[in-house]
Amino acid sequence: MSLYTDYLTEIETRKEQGLSPKPIDDGALLAEIIEQIKDTGNEHRGDSLKFFIYNTLPGTTNAAGVKAKFLKEIILGDVTVDEIAPERAFELLSHMKGGPSVAVLLDLALGDTESVAAPAAEVLKTQVFLYDADMARLAEALEAGNAIAKDVLDSYAKAEFFTKLPDLEDEVQVVTYIAGEGDISTDLLSPGNQAHSRADRELHGKCMITEEAQKEIEALKLQHPGKRVMLIAEKGTMGVGSSRMSGVNNVALWTGKQASPYVPFVNYAPIVAGTNGISPIFLTTVGVTGGIGLDLKNWVKKVDEDGNAILNNDGNPILEQKYSVETGTVLKINTKTHKLLSEDGEELVDVSSSFTPQKMEFMKAGGSYAIVFGKKLQTFAAETLGVEAPQVFAPSKEISHEGQGLTAVEKIFNRNAVGTTPGKTLHAGSDVRVKVNIVGSQDTTGLMTMQELEAMAATVVSPIVDGAYQSGCHTASVWDAKAQANTPRLMKFMNDFGLVTGRDPKGEYHAMTDVIHKVLNDITVDDWSVIIGGDSHTRMSKGVAFGADSGTVALALATGEASMPIPESVKVTFKGQMADHMDFRDVVHATQAQMLAQHGDNVFQGRVIEVHIGTLLADQAFTFTDWTAEMKAKASVCISNDETLIGSLELAKSRIQIMIDKGMEHENGMLAKLIAIADARIAEIKSGEKPALTPDDNAKYFAEVVVDLEEIIEPMIADPDVNNADVSKRYTHDTIRPISFYNAEKKVDLGFVGSCMVHKGDIKIVAQMLKNLETANGKVEFKAPLVVAAPTYNIIDEMKEEGDWEILQKYSGFEFDDLFPKEQARTEYENILYLERPGCNLCMGNQEKAAKGDTVLATSTRLFQGRVVADSESKKGESLLASTPLVVLSAILGRTPTLEEYKTAVEGIDLTKFAPPMEKPAGARSVHF
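Being a predicted model, the structure only gives us computed values, none of them experimental. (Residues numbered from 1 in each chain as written. Predicted model: local features only at pLDDT ≥ 70, side-chain atom pairs only at ≥ 80, totals over all residues. Heavy atoms only, no water.)

A.B. asks: Sorry if this is basic, but what is going on with the overall build of the protein here?
C.D. replies: The helix and strand inventory of the protein stands at 31 helices and 33 strands. Rg of the C-alpha trace for the protein: 28 Å, near the compact-globule value of 30 Å for 929 residues, within the 12% margin. The principal-axis extents of the C-alpha atoms in the protein amount to approximately 90 × 70 × 65 Å. A total of 929 residues make up the protein; the buried ones form 60% of that total. Nonlocal contacts in the protein, meaning residues at least 24 apart in sequence, comprise 73% of its contacts between residues at least 6 apart. Total accessible area on the protein is roughly 34,900 Å²; 48% of this is exposed by carbon and sulfur atoms. (Helix = DSSP H or I, 4+ residues; strand = E, 2+ residues; numbered from the N terminus. Rg over C-alpha atoms; globule rule 2.2 N^0.38 Å. Buried < 20%, exposed > 50% of the residue type's maximum accessible area, 1.4 Å probe, protein only. Contact = heavy atoms within 4.5 Å. Areas by Shrake-Rupley, 256 points an atom, 1.4 Å probe, with all protein chains shown as cover.)

So, in structure tokens, the structure goes:
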């Protein structure tokens, strides 16, 4: 059996699924195909030509290297293929996006064969994905007097690879498709339970929305030739929950443009919209693909004579429609005037925010990567030639207000800005490039990040990056055939690229399935850091972290940079005293509820929440920053006092040392370098040279929220409100209810303590509650299953040492075994305690699930429809979110408790304590450390 016959067998299998042949990335397979092309009498020659030309992945894949080498042979005349003339070979090279193709073009352009040097140079002028080694070859050739090298560098200095591209069309005609009412989670566009197929773009595209929706979109395209389908979140925000590149890829696959005729199923330029715009991190992903994201404002609050919102019986503002976008409506987007128009030309809404100069560059170039690399290439060429680069790209937008202080995020951006006017202080609204210190890739998006790195021809992590980590947490629960096929391949690629990896490609250290956010929080060792991670919950309690799509993660890994506007900030402070029976998770929920009460609208959306946390160590403070993704904030910055920050950095050092002791250190010495950075930062704080990050007293905020701790008198639940008559109010994170709302009558079918929202203290609370209830009642009986998944192995190790793990084992009916990991997802649960493997578990929704129609009470972050629990035929699944003690007690009772039942259950337990920052630290250490 040859690789080709295996490929043919796979093609037949895919055909049965309605799929095309899978794009080729295997160099050995392509080598067989090339031999069949050379053999003019081969029965498979025709198909082999098609696979070679139209079905081979570009960039730095193994197949791309083999393809580029063969095209070089054709161009030099070493091989003759009637169907691929040298001119066609050059065209194919031009679509291969760097790596081996650029190496071949440089060989040809700088070589001794004059007849091919000039056409090779012309193709080379269109390429932007050049790396240091490629640029060094051009510089050396220039110094040696090579005229071709000078010609190419002249073109690069003028940025002709960009200026010669077609301009954006003046008017884009669209036909609308309403994907849903209310906030649309990226789970609708790319379900978490289909994460395994994300790298197979055609297959994954079949999971977008529903098969019926896909047929409706195709029908719209047939009915409206020449118009592009615009996907809409009616009465809501598009793309909440995560950045999810796979979601944008799916939308582009069904509604966008094909990037290259020689690369299948890679589309770009989708158009998405929402009544309340696009979620900030999802909007970044739209920009990566050169798409358009619109804020429609087609529903507005009805107001009285005094301008106050008129409320309905439920206390919600009454909305009235300004204009209709029902499915099938034809609209026009004017890219010059930045207006959305009706089919007849009537102006409907200004969409200027969608067409900043930077975003329009992305649209012209087909995505942000080409712009990032293009700017770098132009700068290199100009410096090499000793000329001044002409102003081709939109300059960095620099906004500076004399006499105005800086918020915390403005300080971080000013410290890390690249290419801005020296000495100029930048404020919110500035659009800048920043150095990225820490990068995280998670496993269900990692395969896509791998593809993006291959596509942009990157081979090693940028030296600018201090720490980079590849997790294995999203596929921790079930080591099924899909995980076994994908995860080792991902870990090897990323380890070779220069990342510390959760799993050892060589199998020498124990697989660490710790939740990625916890690891990133530990390896962030400077409060002035910029962090980029492939998950919306990349929200560190040190520095400022941005959840990002797999492509932005790839770009950060390859270049050590990210480009974005400096966001506005909302300042959050606290007053009063926290009741002893309350948990910090309740403070987090109360922040959201009190913010909405104080401002009416969600002032957090799209902004940075600057939370003056003061005295909570990084692990505990992370509970707040983590939840800011659900508040629709762009990011969060914790303001800690000096002593607390030192404690957090010492803790981070100890955790990094554990990683080193386990054998996880990379040969590049990345972990040891992070410890050295932490030591240097601690020394700066102790000496007074550079205290913990704080904003200036005269900093300007978009809004301020003061959370009154004394108003928090009972545990609070974030409720998806699945039966709300107003569909747009379902599955948001804004419905925060006290437990008294449920009158101790809300049935709970499953409890879940886990996800990135919990830390060591939460697992200790579970143990302490079991001990207390056992002492009081003789034994503990569960009326609903309780699933417990510690976020990290360190927590389990420490609890075993401290004697708390035994009580959990006593009541567990299942305890994970790393030697024999589960190979099938759990579908049924008994009324017992399940001790699951460290990782995301139920929160991710791609492996474990609750039974359909269940009411789940969880410490998780996700309450979207179908994420943790799907609907049954007779009942909607509900994922309610609450604190650890409330979840545990509800699983034992099988229902939500009364306040008195709750108080009794937690009496004497040291819950997460919090007090507003004081001049002298309050010393907020509790059972957690």
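A.B. asks: Is there a simple way to think about the confidence of the model for the protein in this case?
C.D. replies: Where the model shows low pLDDT, its predicted coordinates should not be examined in detail. Confidence along the protein averages 93 in pLDDT terms, with 99% of residues attaining 70 or more. Here residues 919-929 is a poorly scored stretch, pLDDT under 50, and it has 32 contacts once near neighbours within four places are set aside; other chains count. (pLDDT = per-residue confidence, 0-100.)

A.B. asks: Teacher, can you tell me more about the pattern of salt bridges here?
C.D. replies: Opposite charge on two side chains allows them to pair when their charged atoms are near. One pass over the structure, following the stated rule, counts 58 salt bridges. Of the charged contacts, one joins Lys125 and Asp151 as a salt bridge, the two residues approaching to 2.8 Å between their closest N and O atoms. With a gap of 26 residues between them, Lys125 in the loop between helix H7 (114-124) and helix H8 (132-143) and Asp151 in helix H9 (residues 147-157) connect regions that are remote in the sequence. A relative accessible area of 11% places Lys125 in the buried class. Given the relative accessible area of 33%, Asp151 is considered partly exposed. With a closest N to O distance of 2.9 Å, Lys221 and Glu218 form a salt bridge. In this pair, Lys221 and Glu218 are both assigned in helix H13 (residues 211-223), three residues apart and thus about one turn of the helix distant. The class of Glu218 is partly exposed, set by a relative accessible area of 32%. (Salt bridge = Lys/Arg side-chain N within 4 Å of Asp/Glu carboxyl O.)

A.B. asks: How should I be thinking about the environment of Met540 in this particular structure?
C.D. replies: With respect to the helices and strands, Met540 occurs in the loop between strand E19 (530-533) and strand E20 (544-547). Judged by its relative accessible area of 0%, Met540 falls in the buried class. Residues within four places of Met540 in sequence aside, it is in contact with His517, Leu520, Asn521, Thr524, Ile531, Ala545, Phe622, Thr625 and Ser636.

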